[in-house]
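# Reading the structure
Chain by chain, the residues run as shown.
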Amino acid sequence: MKFFLVAALTLAFFRDAAAQTQIALRGGFSFSTTRAYYSDVKQPAGFVPGANLGLQIKTAFEGLLHFSPFIGYSSKGYIIKSANGDKTHNFIHYIDIVPLLSIDINTAKNKSLVFGVGPSAGLAIAGKEKTTVAGISSSSKMKFSTSKDYGLFDFGLHSSIGYHFNKIFVEAAYQYGFVSINNNEEKDKKNIRNRSFSLNIGYYIKSYK
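All of the points below concern the structure found in this document. (Residues numbered from 1 in each chain as written. Predicted model: local features only at pLDDT ≥ 70, side-chain atom pairs only at ≥ 80, totals over all residues. Heavy atoms only, no water.)

With a phi angle near 70°, D40 is a residue other than glycine that sits in the positive phi range. Looking at the secondary structure, you find D40 in the loop between β1 (22-38) and β2 (41-42). With a relative accessible area of 72%, D40 lands in the exposed category. Within the chain, N110 stands out as a residue other than glycine whose phi angle is a positive 60°. Topologically, N110 is positioned in the loop between β8 (101-108) and β9 (111-133). We classify N110 as partly exposed; its relative accessible area is 48%. (Helix = DSSP H or I, 4+ residues; strand = E, 2+ residues; numbered from the N terminus. Buried < 20%, exposed > 50% of the residue type's maximum accessible area, 1.4 Å probe, protein only.)

What follows is the structure, encoded as structure tokens:
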């Protein structure tokens, strides 16, 4: 429900602010991992490469402050290796909504250094899990729900720093997951939270004044 509320508010702003915003296409590469605890014991985790692609708007509030929300696709994943050699490799596809606030510091004409922060909400749409137990590997489609299996929703914090030119911007971002994506934690004692780094590039395709 929280995901759809954030989505509705963000899309409503897209519609109402269109007369005074810039619209950009954005995308890039990511490296994601997890913060995983099994029975309160931290597990070693590896990174998984991925990608993201989305649509962003940007409109000024007052002074340096802007509202810069975006919606789009992202992939997240992780590798967890246990002490006995067993391994879990998960790769999940999300639709993300991020109602981002940004501060633009002008450094030259049509150029600015931009810092952004805001909550993130992700809807899991598909995923694949590969496991290796006692040297035997297998793979299966991941199941998502609000009460069992893996979590249908993921919530966290998105932060970024970027440099914006007239039409193009480059950006480094980090997403920090607040909640465990494992709904079976009470039974298997596994707390798994997403972490993701990304390098992105964007292009402003339209401006409204």
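Here the narrative resumes, following the displayed structure.
For the rest of this paragraph, the subject is the pattern of salt bridges. Tallying each qualifying case throughout the model produces 3 salt bridges. The partner of E171 in a salt bridge is R26, and the shortest N-O contact between them spans 2.6 Å. Taken together, the residues span a long stretch of sequence, with E171 in strand β14 (residues 168-177) and R26 in strand β1 at a distance of 145 residues. Exposure class is identical for E171 and R26. Each is buried. In this structure, D104 and K58 form a salt bridge, with 2.3 Å as the shortest nitrogen-oxygen distance. With a gap of 46 residues between them, D104 in strand β8 and K58 in strand β4 (residues 48-60) connect regions that are remote in the sequence. (Salt bridge = Lys/Arg side-chain N within 4 Å of Asp/Glu carboxyl O.)

This part covers empty space enclosed by the protein. Counted by the stated rule, this structure contains 3 cavities of 30 Å³ or more. Space inside the largest cavity adds up to approximately 210 Å³. Lining the largest cavity are 21 residues, and of these N52, S74, D96, Q175 and S198 sit closest to its centre. Of all the elements in the fold, those that place two or more residues in the lining of the largest cavity are β1, β4, β6 (70-81), β14 and β15 (190-207). The element best represented in the lining of the largest cavity is β6, accounting for 7 residues. For the lining of the largest cavity, the per-class residue count stands at 7 nonpolar, 11 polar and 3 charged. (1 Å grid on protein atoms, 1.4 Å probe; cavity = no way out; pocket = protein on both sides within 12 Å on 5 of 7 lines; lining within 4 Å. Points joined across faces, edges and corners; volume = space filled by probe spheres on them. Nonpolar A, V, L, I, M, F, W, Y, C, P; charged D, E, K, R; others polar.)

Turning to the pairing of β9, a few remarks are in order. Alignment of strand β7 (residues 87-98) against β9, held across 11 bridges, turns out to be antiparallel. Bridged to T88 within β9 is T131. Sheet analysis places β8 next to β9, joined by 7 bridges and oriented antiparallel. Within β9, the position partnered with N106 by the bridge is S112. Two elements, β9 and strand β13 (residues 153-164), share 12 bridges in a ladder whose sense is antiparallel. (Pairing = 2+ DSSP bridges.)

What follows deals with the environment of K141. By the secondary structure assignment, K141 is in strand β10 (residues 136-141). For K141, a relative accessible area of 76% puts it in the exposed group. In sequence terms K141 and A126 are 15 residues apart; their C-alpha atoms lie 7.7 Å from each other.

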